[in-house]
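As a plain string of letters, each chain reads:
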Amino acid sequence: LNLSKFHFEKSIEIEPNYFGTRTLFAEYYATKAQDRETYVEQLQYVINTPYDIIPEIAPENKYEQEYAKKLLERVDEFF
């Protein structure tokens, strides 16, 4: 898990506004590590940031934004 966290954080450092990394970080790392704070923090970032912040990937980010909302609704199932 430590190596996974390192790579997710590095990816976010390289491109913080590619939402796919953040939803994967929440869904796969945070749930396995039982890190509710990271889960909520990453999903809230995706939900609260305009999906068209990078125009070239606006459709992908819009999808991830909707997915993040669904994941956040399930927070109590995971933690």
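As the structure is a prediction and not an experimental result, all values here were calculated from the model. (Residues numbered from 1 in each chain as written. Predicted model: local features only at pLDDT ≥ 70, side-chain atom pairs only at ≥ 80, totals over all residues. Heavy atoms only, no water.)

1. Concerning the pattern of salt bridges
Stage number 1. Summed over all chains, the structure comprises five salt bridges.
Stage number 2. One salt bridge in this structure joins Lys 10 and Glu 13, with 3.7 Å as the shortest N-O distance. Residue Lys 10 and its partner Glu 13 are located together in helix H1 (residues 2-14), separated by three residues, close to a single helical turn.
Stage number 3. The exposure class of Lys 10 is partly exposed, given its relative accessible area of 38%.
Stage number 4. Salt-bridge contacts for Lys 69 lead to Glu 66; the nearest nitrogen and oxygen are separated by 3.3 Å. Of this pair, Lys 69 and Glu 66 both sit in helix H4 (residues 58-73), three residues apart, which is roughly one turn of that helix. (Salt bridge = Lys/Arg side-chain N within 4 Å of Asp/Glu carboxyl O. Helix = DSSP H or I, 4+ residues; strand = E, 2+ residues; numbered from the N terminus. Buried < 20%, exposed > 50% of the residue type's maximum accessible area, 1.4 Å probe, protein only.)

2. Concerning helix H3 (residues 36-48)
Note on helix geometry: an α-helix contains 3.6 residues per turn, so any two residues three or four positions apart are oriented the same way.
Stage number 1. Taking 1.5 Å of rise per residue, 13 residues should cover 18 Å, and H3 covers 18 Å from first to last C-alpha, within 8% of that figure.
Stage number 2. Residues Thr 38, Tyr 39, Gln 42, Leu 43 and Val 46 constitute the buried set of H3. What you see down the axis of H3 is that its buried residues fit within an arc of 115°, all on one side. With respect to the buried face of H3, the exposed residues turned more than 90 degrees away are Glu 37 and Asn 48.
Stage number 3. Here the buried face of H3 lies against H1, helix H2 (19-33), H4 and helix H5 (75-78). (Expected span 1.5 Å × (residues − 1). Arc of directions from axis to C-beta. Contact = heavy atoms within 4.5 Å.)

3. Looking at the side chain of Glu 64
Stage number 1. By the secondary structure assignment, Glu 64 is in helix H4.
Stage number 2. Put simply, Glu 64 is tucked away with no salt bridge, and the nearest opposite charge, on Arg 22, sits 11 Å away.
Stage number 3. Those residues in contact with Glu 64, other than ones at most four positions away along the chain, are Phe 19, Gly 20, Thr 23 and Val 46. (Lys, Arg positive; Asp, Glu negative; His and termini not counted.)

4. Here we look at the packing of aromatic side chains
Stage number 1. Applying the stated criterion across every chain yields a total of five aromatic pairs.
Stage number 2. Ring geometry for Tyr 63 against Tyr 67: centres 6.2 Å apart, planes inclined by 10°, an arrangement best described as stacked. One end of the pair is Tyr 63 and the other is Tyr 67, both in helix H4 and four residues apart, which spans about a single turn.
Stage number 3. Looking at Tyr 63, the relative accessible area reads 54%, which means it is exposed.
Stage number 4. Through successive ring pairs, a cluster of aromatic residues spans Phe 8, Phe 25 and Tyr 29.
Stage number 5. The ring of Tyr 45 carries Arg 22 above its face, with NZ or CZ at 3.7 Å from the centroid. (Phe/Tyr/Trp six-rings, centres within 6.5 Å; stacked < 30°, edge-to-face > 60°. Lys NZ or Arg CZ within 6 Å of the ring centre and 35° of its normal.)

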